[in-house]
Amino acid sequence: MADKRKRHRVLPGFGLSMGYTLIYLSLIILIPIAVLFLKASTISLAEFWDTVTEARVVASYKLTIYTSFIAAFVNAIFGTLIAWVLVRYDFYGKRIIDALVDLPFALPTAVAGIALTTIYAPNGWIGQYFESIGIKVAYTPLGIMIALTFIGLPFVVRSVQPVLQDLDQQYEEAAATLGANPLQIFAKIIFPAIFPATLTGFALAFARALGEYGSVVFISGNMPMKTEIVPLLIITKLEQFNYAGAAAIAVVMLVFSFVLLFLINFWQWKTTKKYQVS
Amino acid sequence: MKSDVSVITPNPKTSGGARWNYLAAWGYALEQNNGDEAKAKEFVTKLFKNVPVLDSGARGSTTTFVERGIGDVLIAWENEAFLALNELGKDEFEIVVPSISILAEPPVTVVDENAKKHETEEVAKAYLDYLYTDEGQEIAAKNYYRPRSEEAAKKYAKQFPEIRLFTIDEVFDGWKNAQKTHFDDGGVFDEIYKP
Amino acid sequence: MGITIKDVSKAFGTFQAVKNVSLEIPTGDFVALLGPSGSGKTTLLRLIAGLEGLDSGGIYFDDIDNTYKSIKERNVGFVFQNYALFKHMTIFENIAFGLKVRPRKTRPSKNEITEKVNELLKLVQLDHLAKRYPSQLSGGQRQRIALARALAVEPEVLLLDEPFGALDAKVRQELRHWLREIHQKLNITTVFVTHDQEEALEMADTVVVMNFGEIEQIGSPEEVYQKPESAFVYSFLGRVNEFRDSEVASESDKISYIRPHEIVLRKILQGDSIVSEVSHIHVIGSTVRIELRRYDTNDLFEAEMSIDQYQKMGQVKKGDILYAEFKNIVVFDKNSENKLNHSGKSGIRNSLKSKLI
C-alpha cells in the first residue's frame, strides 16, 4: 500500500523480541511436541487407531475429561468466590489466605496426592464420615475430582482476582441507584464483567487437570475401566517400553486439549470483543 | 479363593514387584491344578477382581493396605511383609505363607559398558563380590532377604518359614516370555480387565 | 421533592469528611455543591443518595425520613463522575436497565420500556446511538447517556457527581446549557457536585460552598460572589489578590483581598494609587490580565480588564510603570476568617504587603 507508513514504537526491538519468542517457544514447546508426533507416527495408522480406541483407553479418556471438567467447574465457582472475598473484604489473616491459594502450585503433586488420600481414605479424617454415609471418596472418580480440584484452584483465583480488583464499584453503585437488588447486580453487572476471566481460569484449570498425574495416582485406585486416568495409561505404556503407543495416546489428548483451549479462547474473544474499547 | 476377601497388590503394568506377585499367584494355581493353564488364569482373574485399589508401585500398595486400612490381604514380598510387621507391631497383621511361591531374585550385575565409561569397574566388581561374602549375606538376612550362602541360611533358618519355591525360568520360561504373554498390551493381564 | 439535611456527619476512619452539615433544598431547585477536593461535597452527595451510611444526623425527602433507607427506596437518579455505563450493554440496554430490573409487578411491558427508552434517547438527542456500546461513544455522549439512564427510573431527585469533570472545555460548555434546559423541562430537584466555580455560578440556582467538611456559605450565585461570608468563599470564587499586612503590628491578624478586575490601572497618577511595574501581560480573548510588581514592597499582584479598556489605556509593555487604584478591598480576620468589612476605596497604600494568588 502506498501510504503504509512505518509505525514508530516507544520501545524498539520488535524483531529481536519476536525472534526470541519463536526460538524460545520452539525449544520449550514446539520441538518436544513435534517429536511426540513423530514417535506416534512410527506405528501404522491401523495400529494407531487400535491403540487409541481400545476400550480401556476410551474409558480413561472419558474419566479424565469428565473428572477434569467437574473439577474445573467447581473451581470456577469457588475460585471466583475466593477471589471475591480476597478482593472485596479486609480481614485478619487475609495475606495468609492469599498465600495459601498458591500452595497447590508450589507443592509437589505427589505430596498433595498422598495427603489428600490420607484424609479422604475410608479411615481418614474426612473420609470416615463420608464412609459412614456410604460415600467412598478415595479410590473413586470422586477422589480424582478432589485431587484435580486441589491442583486447579489457583488458576481460577489468580485469573479472576486482578479483574475484580479493576472492577470499579461505581458500576455496582450505579446499578443499585437504578433499583437493582444484590442478586441482579451480581448477575447482570459483576458476572458479565468477570466471566471472561473465570472462563480463562476454567480453561487453565481444565487443561492442567487433563495432564495431571502425580496427585491422582495415589487417590484414584487406578482400576482399569473405572479409575484409570489417561496419564497413567501413558505411563503404563512407557513401562512396557511401548513408546509409540504412549505417544499415540498423548497425541490424542494433546489434540483434544488444544482444540478445547482454542475454542474457549475464541469464545472468550468473541464475548469480550464487542464491548472492549474499539 | 473367597470372593469377599479383598486383595491389595500393585498394578503389574506399572510395578515390577506386582509382576512377581502376579506370577507367584499364577504358579501357585498351576501347582494346585496340575498345570492347567485355564484354571490358573481363572484363579488369577478371580484374584484381581477382588483388588479394590491398583497402586502404581509396591510401596504404594503397602501404604494403602497398612495406612489406609483398605483390603484384607496384601500380596507382598517376604522382606516387605516382615518390614511392615516390624514397623507396626506384630499384633497388627498376620503373615500368611503360601505352600508354594515364586523365587523373586532381585538381579544385580555390573553393566560393563557403563562401568568402563565411568572407570568404576573395580569398585563395582568389589561391591558385587561383597554381596556374596558372609558379611554381605548376613546383612541381607537381617533385612529379611533369604541368604544364598549355606552358612547364613542355616544361621537364619528360624527366621524364614519353609516354603517350596519355583523360579521364573522353570514355570514361565524366563522374563521375556512372561512379560510378553502376561503383561504386554493385549496380554493375559489385559484380558482380566476386558469389559 | 425537597431535601432536608439535618446535622449530618460522616467520618472515614479518622478523617471527618462531613461535619454537622444542615441544608434545606426546596423542590425543583438546582443546587451546586462547590468546594475544593476533600471538602466533603461528594460525600454529602453520596449521603443523600444512600451510597454512604451517615454517622449522625438525618436526611429527609419532603417529610419522608430517608436516613436509614436503602439506595433503592430513595428513588434518586445518580450520575457518576466517570458515567459508570455498563460496558457489556448497548446504549439501549443501559437506559432500559433501571426498568428491566423492577419486580414483575411494577415492571413496564417490553413495548413500554422500548417507548420510554426511545423517548429518553430523543431527550438527550442521541437516538441514533441506541445499538452502540459505551466504548464507541465520545465523553460527552456518554455523559448524556448516563443522564438518560438515571432519568429512566423517573427519580424525584437527580444527583450528579462532577458531571462535566472529564470533558474538554467546549463540550463542557455545551452540556452545561443542555443540562440547564433539561432541568427546566423536567423540573426535578437537582444537586450536582463541582470544584469549578465558573460551572457552579453559571448553572446553579443555589450554590453551596463547602470546605473541610463544612458549609461555608449558601446563596444564589450572585450572593456568594458579591457577598462572600468568609475569606475562603471570597478566594475560592474567582481570582483574587491577597495582601497580608506586616508593617502595622496591630493589624497583623487581618488579611485583605481584592479581585483583579477591581483594580484600575492608569498611566498617570490619580487619587490613591500604588506605583507598580508591569512584569507580564496576558491577552486571553476579550480580557487582558496584567501582572505587576509593587515598587514599595516588591510583591506581585494581578489586574484584569477588558480588551477595550486595555486599548483605551494605550500602549503598555513589560517594564512600564503604572498606577494601580484598589477599588474594593475586603478585609477578613486572619484567624476566624470572618469578614470584617468591605471598604470602599483603598487607603492602604503604605500598610499592605501584597501577594498574588
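How each quantity is defined
- Residues numbered from 1 in each chain as written.
- Chains lettered and ligands numbered in written order.
- Predicted model: local features only at pLDDT ≥ 70, side-chain atom pairs only at ≥ 80, totals over all residues.
- Heavy atoms only, no water.
- Domains from an automatic or database assignment.
- Buried area = accessible area lost by both parts, 1.4 Å probe.
- Core = buried A, V, L, I, M, F, W, Y, C linked by side-chain atoms within 4.5 Å.
- Buried < 20%, exposed > 50% of the residue type's maximum accessible area, 1.4 Å probe, protein only.
- Helix = DSSP H or I, 4+ residues; strand = E, 2+ residues; numbered from the N terminus.
- Contact = heavy atoms within 4.5 Å.
- Axes fitted to C-alpha atoms, helices over the stretch in contact; angles between N-to-C directions.
- Parallel < 35°, antiparallel > 145°, perpendicular 65-115°, else oblique.
- Left-handed = near helix turned anticlockwise from the far one by under 90°.
- Nonpolar A, V, L, I, M, F, W, Y, C, P; charged D, E, K, R; others polar.
- Pairing = 2+ DSSP bridges.
- Arc of directions from axis to C-beta.
- Salt bridge = Lys/Arg side-chain N within 4 Å of Asp/Glu carboxyl O.

Visitor: For the domain arrangement of chain C, give the residues involved together with the corresponding values.
Guide: Residue and element names in this part refer to chain C. Taken domain by domain, chain C comprises domain 1 (3-234) and domain 2 (239-355). Summarising the inter-unit geometry, the C-alpha centres of domain 1 and domain 2 are found 39 Å apart. In total, about 860 Å² of surface goes out of reach between domain 1 and domain 2, with carbon and sulfur atoms giving 52% of it. The largest contributions to the domain 1 side of the interface with domain 2 come from Tyr225, Ala231 and Tyr234, which together make up 70% of the buried area.

Visitor: Can you tell me about the nonpolar core, naming the residues and giving the values?
Guide: Residues Leu164 of chain A together with Ile5, Phe86, Phe97 and Leu159 of chain C are the most contacted members of the largest nonpolar core, which totals 85 residues. Ranked by residues supplied to this core, first place goes to helix H10 (residues 182-211) of chain A with 11 residues. Leu159 of chain C has contacts with Leu45, Ile48, Ala49, Val76, Gly77, Phe78, Val79 and Val191 of chain C, leaving out every residue within four places of it along the chain. With 48 residues, the next largest nonpolar core counts Phe92, Val117, Ala130 and Met203 of chain C among its residues.

Visitor: Pulling in residues and values, what's your account of the packing of helix H3 (residues 55-88) of chain A against H10 of chain A?
Guide: Between two packed helices, both the angle of their axes relative to each other and the distance between the axes serve to describe the pair. All names here are of chain A. At a closest axis distance of 8 Å, the pairing of H3 and H10 adopts a crossing angle of 140°. Regarding the angle of H3 to H10, the classification is oblique. H10 is crossed by H3, and the crossing has right-handed handedness. The residues of H10 that touch H3, namely those facing Thr64, Ile65, Ser68, Phe69, Ala72, Phe73, Ala76, Thr80 and Trp84, are Ile190, Ile194, Thr198, Phe202, Ala205, Phe206, Ala209 and Leu210. Taken together, the residues of the contact of H3 with H10 sort by class into 13 nonpolar, four polar and no charged.

Visitor: If you had to explain the pairing of strand E7 (residues 157-161) of chain C to someone new, which residues and values would you point to?
Guide: Residue and element names in this part refer to chain C. Most of E7 is tucked away, with five of its five residues classed as buried. Both faces of E7 are covered, namely the face carrying Val157, Leu159 and Asp161 and the face carrying Leu158 and Leu160. Sheet analysis places strand E6 (residues 76-79) next to E7, joined by four bridges and oriented parallel. The partner of Val79 across the bridge, within E7, is Leu160.

Visitor: Let's hear about the side chain of Glu52 of chain C: which residues, and what values?
Guide: Along the chain, Glu52 of chain C falls in the loop between helix H1 (41-49) and strand E4 (56-61). Those residues within four positions of Glu52 of chain C in sequence are excluded, and the remaining contacts are Lys10, Phe12, Arg46 and Leu47 of chain C.

Visitor: Break down helix H2 (residues 45-53) of chain A for me, with residues and values.
Guide: Residues and elements named next belong to chain A. Phe48, Thr51 and Val52 are the residues of H2 that are buried. The arc enclosing the buried residues of H2, seen along the axis, measures out at 85°, which places them on a common side. Exposed and facing more than 90 degrees away from the buried side of H2 are Trp49 and Asp50. Elements in contact with the buried residues of H2: helix H1 (14-40), H3, helix H12 (230-239) and helix H13 (243-273).

Visitor: Give me the environment of Val251 of chain A: which residues, what numbers.
Guide: All names here are of chain A. Positionally, Val251 belongs in helix H13. For Val251, a relative accessible area of 8% gives the class buried. Along the backbone, Val251 and Ala40 are 211 residues apart, and their C-alpha atoms lie at a distance of 7.3 Å. Apart from residues no more than four positions distant in its own chain, Val251 is found in contact with Leu36, Phe37, Ala40 and Phe48.

Visitor: Describe in detail the pairing of strand E3 (residues 30-34) of chain C, supporting the description with residues and values.
Guide: Burial analysis of E3 of chain C places five of its five residues in the buried class, the great majority of the element. Going residue by residue along E3 of chain C, you find Phe30, Ala32 and Leu34 of chain C tucked away on one face and Val31 and Leu33 of chain C tucked away on the opposite face as well.

Visitor: Explain the sheet that holds strand E5 (residues 64-65) of chain C to me, and be specific about the residues and the numbers.
Guide: Residues and elements named next belong to chain C. Read across the sheet, four strands follow the order E2-E1-E4-E5 without closing on themselves; strand pairing throughout is antiparallel. Looking at which strands have only one partner, the edges of the open sheet turn out to be strand E2 (15-25) and E5. Note: E4 against E5, two bridges, orientation antiparallel. By the bridge assignment for E5, Phe61 is matched with Ile64. Its contacts with the sheet place H1 against strand E1 (3-12), E2 and E4, and it is angled at close to 120° to E1.

Visitor: Break down the interface of chain A and chain C for me, with residues and values.
Guide: Between chain A and chain C, the contact holds 20 residues from the first and 24 residues from the second. With both chains or domains summed, chain A and chain C bury close to 2,100 Å², and 64% of this area falls on carbon and sulfur atoms. The interface formed by chain A and chain C includes one salt bridge. A salt bridge links Arg46 of chain C to Glu173 of chain A; its shortest N-O distance comes to 2.5 Å. Only helix H9 (169-177) and H10 of chain A provide two or more residues apiece to the side of chain A that touches chain C.

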